[in-house]
Amino acid sequence: MKKINILCVDDELQNREDLSAILNDEIIENHILKVETLDSFENAFEQISQRKYHIIILDIFQGKPEDNGNKLGIDVLAKIQDNLFFRKCRFC
């Protein structure tokens, strides 16, 4: 059975626990979902660059949006795009 590795980066414990409870060890066709969670945006890029994830779920805000939380999830996404994606398009 093949594994699908999922990383969820969210500063809210309940969100991480709920997502893990719903998805971890679920089987879809011939694939088993394995969920890891991380509460730190600061450590997210390092973890992502060291491990192979098929799916990454990023919270956008550290804190609550209505409290003017920082958009650290966007920063992590930009860093992933700038450093870990390779253009394979022959027309690019």
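Scroll up to find the structure.
Residues numbered from 1 in each chain as written. Predicted model: local features only at pLDDT ≥ 70, side-chain atom pairs only at ≥ 80, totals over all residues. Heavy atoms only, no water.

Q: Would you mind showing me how to read the pattern of salt bridges here?
A: Think of it this way: side chains of opposite charge can pair up when their charged atoms draw near. Counted under the stated rule, the structure contains 2 salt bridges. Taking the shortest distance from any N to any O, the salt bridge between Asp-25 and Lys-34 comes out at 2.3 Å. Residue Asp-25 is classed as partly exposed on the basis of its relative accessible area, which comes to 39%. One salt bridge connects Glu-36 with Arg-51, and the closest N-O pair in it is separated by 3.0 Å. Separated by 15 residues along the polypeptide, Glu-36 in strand β3 (residues 31-38) and Arg-51 in the loop between α2 (41-50) and β4 (55-58) bring together distant segments of the chain. (Salt bridge = Lys/Arg side-chain N within 4 Å of Asp/Glu carboxyl O. Buried < 20%, exposed > 50% of the residue type's maximum accessible area, 1.4 Å probe, protein only. Helix = DSSP H or I, 4+ residues; strand = E, 2+ residues; numbered from the N terminus.)

Q: Would you explain the pairing of strand β1 (residues 2-9) in this entry?
A: Successive side chains on a regular strand alternate, one facing one side of the sheet and the next facing the other. A large share of β1 lies buried, amounting to 6 of its 8 residues. Here β1 pairs with β3 via 8 bridges, running parallel. By the bridge assignment, Lys-3 is partnered in β3 with Ile-32. Bridging between β1 and β4 involves 4 bridges; their strand directions are parallel. Looking across to β4, one finds that Leu-7 is bridged to Ile-56. (Pairing = 2+ DSSP bridges.)

Functional significance is not addressed by these values, which are geometric in nature.
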